[in-house]
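The chain contents come next:
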Amino acid sequence: MTPELLMLLAGATLIVNGRTGQALIAYIVLAATASAILLPASLSTPTAVVLFSVSVILKVGLAPIGLRWFLRANPTADDLSPSMSAPVRLLLVIVMAIAAKSISQDPALAAVPMLGTAVFTLLCGIGMLMVHRNLLAHVIGLLVLGTGIELAGAMLAPGLPAAFELGATFDVLVATFIGLALVRAIATHNPLLDVDALRRLRG
Amino acid sequence: MIALVIAAPLLGAAISIAFRSRDTRRAVRVLLAGVAALLPLTLLGTVDGLSTAFVVIVSALGFLATAFSAGAFSFDWGVVDTFWSRKSVFFMLLGAFWSAMLLVVLADNFALLWLGISATTLATAFLVGYSGEPAALEAAWKYLILCSIGIAFALLGIIVLARVSVEAGIDPANALNWSVILAHNPSISAPLARLGVTLMTIGFATKAGLVPMHAWLPDAHSKAPAPISALLSGVLVSCALYAIMRTLAVGTALGAGPQLHLLLTCLGALSIVVAGALMLSQTDLKRLLAYSTVEHAGIVALALGFGGPLGLFAALFHVFAHAFSKSGAFLAAGLVQREHATTKLSDLHGLWEAGSTGKMMLAALTALSGMPPFGIFLGELLLVLAGVAAHSWIALAAGLVGISLAFAALSRTAILIESGRPQSMTAEARTSTGQEVPAKLLSRVAVAATAVALVGALVVAIVPWIGLGDTLRLTALHIGTSP
């Protein structure tokens, strides 16, 4: 199984499946695969190695542990509360895969390796935020979005790994720790973590 | 030296925690905030005009917000016990927020600028949800999610820009340095460059609260404690607009100028009209002020969209005028909230007769509505002139409709809350604040900080005729005529 296929399956699982626990496993697979792809590019400078290591520990280690710990404490949050039916979500994944493939075949970008995978990962992150109404899905969505950007950075601008590792690490830091701290506080009055319950505030 | 200037607000907050006596700690906080606000003077002449102008805004308002917070912390903003609802954490986050904004305006490349913008989210998400109330936590959540998505798009745009720069032969170490990009005048892949700067503009526009990416702003700005609302509205939005200005300069050099001007014109006009219309239906004072921020961010974006030296000068000047006016307005709203235990417009009457707080609120609302002699009047006048010069009649007409709606909303609010008989504080309000006769407890420092911000809103009207005005004009000329 190629890394691209593994990421496609993990991304599809994130969107189609309706359980937070399973989405978490899919996220770990996606993040670990992306890290394996990024590893060679991140060995260029000592700074890049340090930032990459921090990013991997946060993404593949601490963030999933935090999410898992939260799920054990709040079993009711295991329902991702998707806002679309499963067939529609599957159709969405197919559309996203076709869109990612089309973008990667654009003449201006055709020379960039694995761009389709990076774009698909980005779309999966946005899809998680749009399709699921559970706040934990939004945290996972942000993590996936950060992974997609990290991949895109490594593929589009291979000469600047340190800058993008720094950016991606920051993204993960924000999404994981602030997100989970807020979710924990919100859970005291909204145990289902359903985003619809947040609609009291209108933009 | 730049590193010390950037770190000073955070260091000051950390040092002040070491003092045990409450009064000493408070005095040290204000003193060190003053030092942090003055330190950027050492950078005069070493950073460009645009950075200098924004450093003035960040430092002045950062100091006022810290002084207000230190003076007014008998105000019980923390309602629910969360780990971040502590005074020491509040001041550390406030210091981090101030430092992050200094990083944004003192960075010389897009990677650091993005890092600063991202760090502001890190620092302020907890500050928005500081009270721990459900509505504040939800506002913080919306802020975190929407701004994270926005800055993710900006990062993607920066990555694309880096590729464009490297392909054009710029050394990877300087691929995101705007001075190097502008000096290099690269012959680059136009579609990719356009994609990069468009993504960056949309991302930073999310942080600036421009419609349709504004959904987080009214909630976050209205639910945060008053000094944080002042910084979010007066300074953070200005920093996001600064990032857009830098992007516009580079985008123009890379041949994406017309596209960016059109994008900013559309976002600006839409923001002014939508915010103006929504302001008419607001029932809460702080929420009204938050929508007013969307309107004024729209005015700056529209002026940038009109382009030309006049449009860019209008944008720069309006950022200045709005920063002081809006900070003063939110600080005054904080005092009103403390005195009356509410910001509901239906519960606020007779503020003019109730004391100095009511008079400051009136001055703030007058300034924001665009009445002379306040700076915002001049900013809006410059916007009209820039629109006429650019022959953008439809966008200008839309902008004027939105500005008129906002004027009507702010004037109606001023009449509503200032007229009538002052309401004495109800027993319920006393119980909710837990203190008797709060007006007597209002710290002079907090009142003084509010007054200084409002005087700033007035004094800023003379900027076009002093040295700072020349700096802004030269900066506008530089952005407008970048190769």
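Please read all numbers here as calculations on a predicted model, not as lab measurements. (Residues numbered from 1 in each chain as written. Chains lettered and ligands numbered in written order. Predicted model: local features only at pLDDT ≥ 70, side-chain atom pairs only at ≥ 80, totals over all residues.)

## Observations regarding the overall build of chain A
The number of helices and strands found in chain A is seven helices and zero strands. Across chain A, helices and strands are ordered from the amino to the carboxyl terminus as α-α-α-α-α-α-α. In summary, chain A has a C-alpha radius of gyration of 17 Å against a globular reference of 17 Å for 203 residues, a match within 12%. For the C-alpha atoms alone, the extent of chain A along its principal axes is close to 50 × 35 × 35 Å. Residue pairs in contact within chain A that sit at least 24 positions apart in sequence constitute 75% of those at least 6 positions apart. (Helix = DSSP H or I, 4+ residues; strand = E, 2+ residues; numbered from the N terminus. Rg over C-alpha atoms; globule rule 2.2 N^0.38 Å. Contact = placed C-beta atoms within 7 Å.)

## Some points on the overall build of chain B
Looking only at helices and strands, one finds 21 helices and zero strands in chain B. For chain B, the proportion of its 483 residues judged to be buried stands at 63%. For chain B, the share of sequence-separated contacts (at least 6 apart) that also reach a separation of at least 24 residues comes to 81%. (Buried ≥ 20, exposed ≤ 12 C-beta atoms within 10 Å, placed from the backbone.)

## Thoughts on the confidence of the model for chain B
Predicted coordinates in areas of low pLDDT are best not read in detail. Per-residue confidence for chain B gives a mean pLDDT of 85, with 88% of residues at or over 70. Every residue in residues 426-441 of chain B is under pLDDT 50, and counting partners more than four places away or in other chains gives 16 contacts. (pLDDT = per-residue confidence, 0-100.)

## A short note on the interface of chain B and chain A
Accessible area lost during the coming together of the parts is what is often quoted as the interface size. Each partner contributes residues to the interface: chain B has 41 residues there, and chain A has 32 residues. Those elements that provide at least two residues to the side of chain B that touches chain A are α5 (110-128), α6 (134-167), α8 (190-208) and α9 (216-223) of chain B. Looking at the side of chain B that touches chain A, the element that brings in the most residues is α6 of chain B, giving 20 residues. Grouping the amino acids of the side of chain B that touches chain A by side-chain chemistry returns 29 nonpolar, eight polar and four charged. (Nonpolar A, V, L, I, M, F, W, Y, C, P; charged D, E, K, R; others polar.)

## Comments concerning the nonpolar core
Residue and element names in this part refer to chain B. Met101, Val104, Val128, Ile158 and Cys239 are the most contacted members of the largest nonpolar core, which totals 265 residues. For this core, the leading source of residues is α6, giving 24 residues. Beyond its immediate chain neighbours, meaning those up to four positions away, Val104 contacts Leu113, Gly116, Ile117, Cys239, Tyr242 and Ala243. (Core = buried A, V, L, I, M, F, W, Y, C linked by C-beta atoms within 7 Å.)

## Some details on the confidence of the model for chain A
In the predicted model, chain A carries a mean pLDDT of 84, and the fraction of residues at 70 or more is 91%. Averaged over each element, pLDDT in chain A is lowest for helix α7 (residues 161-187) of chain A (74) and highest for helix α4 (residues 86-104) of chain A (93).

## Here we look at the packing of helix α3 (residues 49-71) of chain B against helix α4 (residues 87-106) of chain B
Residues and elements named next belong to chain B. Between α3 and α4, the shortest axis-to-axis distance is 9 Å and the interhelical angle comes to 175°. Between α3 and α4, the angle falls in the class roughly antiparallel. Residues Ser51, Phe54, Val55, Val58, Gly62, Ala65, Thr66 and Ser69 of α3 lie in contact with α4, whose contacting residues are Leu94, Trp98, Met101, Leu102, Val105 and Leu106. For the contact of α3 with α4, the class distribution of residues is 10 nonpolar, four polar and no charged. (Axes fitted to C-alpha atoms, helices over the stretch in contact; angles between N-to-C directions. Parallel < 35°, antiparallel > 145°, perpendicular 65-115°, else oblique.)

## Section: α3 of chain B
Each α-helix turn comprises 3.6 residues. Residues three or four places apart therefore point the same way. Along its 23 residues, α3 of chain B runs 33 Å from first to last C-alpha, staying within 8% of the 33 Å computed at 1.5 Å per residue. Most of α3 of chain B sits out of view: 20 of its 23 residues are buried. (Expected span 1.5 Å × (residues − 1).)

## Here we look at the environment of Ala157 of chain A
Looking at the secondary structure, you find Ala157 of chain A in the loop between α6 (135-156) and α7. For Ala157 of chain A, a count of 25 C-beta atoms within 10 Å corresponds to the buried category. The spacing of Ala157 of chain A and Val112 of chain A is 45 residues in sequence and 9.3 Å in space, taken between C-alpha atoms. In contact with Ala157 of chain A, other than residues within four places in its own chain, are Ile159, Ala162, Arg163 and Val166 of chain B.

## Re unusual backbone geometry
Cis peptide bonds are those with omega within 30 degrees of zero, and the linkage from Val211 of chain B to Pro212 of chain B qualifies with 10°. Along the chain, the position of Pro212 of chain B falls in the loop between α8 and α9. Positive phi, normally seen in glycine, also occurs at Ser81 of chain A, with a value near 50°. Relative to the helices and strands, Ser81 of chain A resides in the loop between α3 (46-73) and α4. Of the residues examined, Ser81 of chain A has 18 C-beta atoms within 10 Å and is grouped as partly exposed.

## A few points about the environment of Leu92 of chain A
All names here are of chain A. Turning to its location among the elements, Leu92 is positioned in helix α4. Assessed through the 19 C-beta atoms surrounding it within 10 Å, Leu92 is described here as partly exposed. Apart from the residues within four sequence positions on either side, Leu92 is in contact with Ile15 and Gly127.

## Some words on α4 of chain A
Residues and elements named next belong to chain A. In this model α4 runs 27 Å from its N-terminal to its C-terminal C-alpha over 19 residues, within 8% of the 27 Å that 1.5 Å per residue would give. Along α4, the positions that sit buried rather than exposed are Arg89, Val93, Met96 and Ala100. The buried residues of α4 occupy one face: seen down the axis, they fall within an arc of 65°. In α4, the exposed positions that point more than 90 degrees away from the buried face belong to Pro87, Val88, Ile94, Val95, Ile98 and Ser102. The secondary structure elements touched by the buried residues of α4 are α1 (3-16) and α5 (115-131). (Arc of directions from axis to C-beta.)

## Considering the environment of Ala220 of chain B
Residues and elements named next belong to chain B. Checked against the element boundaries, Ala220 lands in helix α9. Sequence spacing of Ala220 and Trp141 is 79 residues, and the spatial spacing of their C-alpha atoms is 9.0 Å. Once residues lying within four places of it in the same chain are set aside, the contact partners of Ala220 are Val128, Ala139, Lys142, Tyr143 and Leu232.

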